[in-house]
Amino acid sequence: MQTKYLFALVSLFSIASCNGESDDSHVTKIVSSKGEALYVKSYNWGITGDKQISTISDNDDPLEFGEKNEPHIVKGLDPFIYRFEHDTLIIYSRIAVNPFSVHCPSIVIQYKIVDNPDYMDLYQLIGSNTYHVVPEYSKR
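What counts and what doesn't
- Residues numbered from 1 in each chain as written.
- Predicted model: local features only at pLDDT ≥ 70, side-chain atom pairs only at ≥ 80, totals over all residues.
- Heavy atoms only, no water.
- Phe/Tyr/Trp six-rings, centres within 6.5 Å; stacked < 30°, edge-to-face > 60°.
- Helix = DSSP H or I, 4+ residues; strand = E, 2+ residues; numbered from the N terminus.
- Buried < 20%, exposed > 50% of the residue type's maximum accessible area, 1.4 Å probe, protein only.
- 1 Å grid on protein atoms, 1.4 Å probe; cavity = no way out; pocket = protein on both sides within 12 Å on 5 of 7 lines; lining within 4 Å.
- Points joined across faces, edges and corners; volume = space filled by probe spheres on them.

Enquirer: Would you explain the packing of aromatic side chains in this entry?
Expert: Any aromatic ring pair is given by two values, namely how distant the centres are and how the planes are angled relative to each other. The full count for this structure, using the stated rule, is seven aromatic pairs. A ring pair is formed by Phe80 and Phe100, whose centres lie 6.0 Å apart and whose planes are at 55 degrees; its orientation type is tilted. Here Phe80, found in the loop between strand 4 (74-75) and strand 5 (81-85), pairs with Phe100, found in the loop between strand 6 (88-93) and strand 7 (108-113); they are 20 residues apart in sequence, far enough to count as distant. Like Phe80, the residue Phe100 is buried in the burial classification. The interplanar angle of 35 degrees and the centroid separation of 6.1 Å between the aromatic rings of Phe100 and Tyr111 together place this pair among those described as tilted. Residue Phe100 is located in the loop between strand 6 and strand 7, and its partner Tyr111 is located in strand 7; the two are separated by eleven residues in the primary sequence.

As structure tokens, then:
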């Protein structure tokens, strides 16, 4: 009798844990000295959240799954590292990123492709309040 209940409990747990995928949206606001804002956004999905799209936008609308094939989207986990200082947003990536279509005259966006060793060096600086990853986490 206990085996029957144990089997039912294990079956229920398996169904519940694999029933749906986890969706997670992140938005980080960047504000210029003139008060204009850009938003670094990402959207994760999948059972373990291992699928991700990201972008930079001039609105804070959450990124959605349906946008995954748009030209302003960067696909993949860890798509870029960014730094924002003196109204300049620098995007560091290992591959070319399509320029983000934003209208924010007071923020200059620069794109820099770096090789993997330099990217790893930048990764060591994350959490210094200067360099950031996508999505932004409070503790890494």
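Still to come is the rest of the account.
Enquirer: How do you make sense of empty space enclosed by the protein when you look at a structure like this?
Expert: A probe as big as a water molecule, rolled over the atoms, marks out the empty space that is left. Under the counting rule described, the total for this entry stands at one cavity of 30 Å³ or more. Put simply, the largest cavity is a space of about 30 Å³. Taken together, His26, Thr28, Val40, Lys41, Ser42, Tyr82, Val133, Val134, Pro135 and Glu136 make up the full set of residues lining the largest cavity. At three residues, the largest contribution of residues to the lining of the largest cavity is made by strand 2 (residues 37-45).

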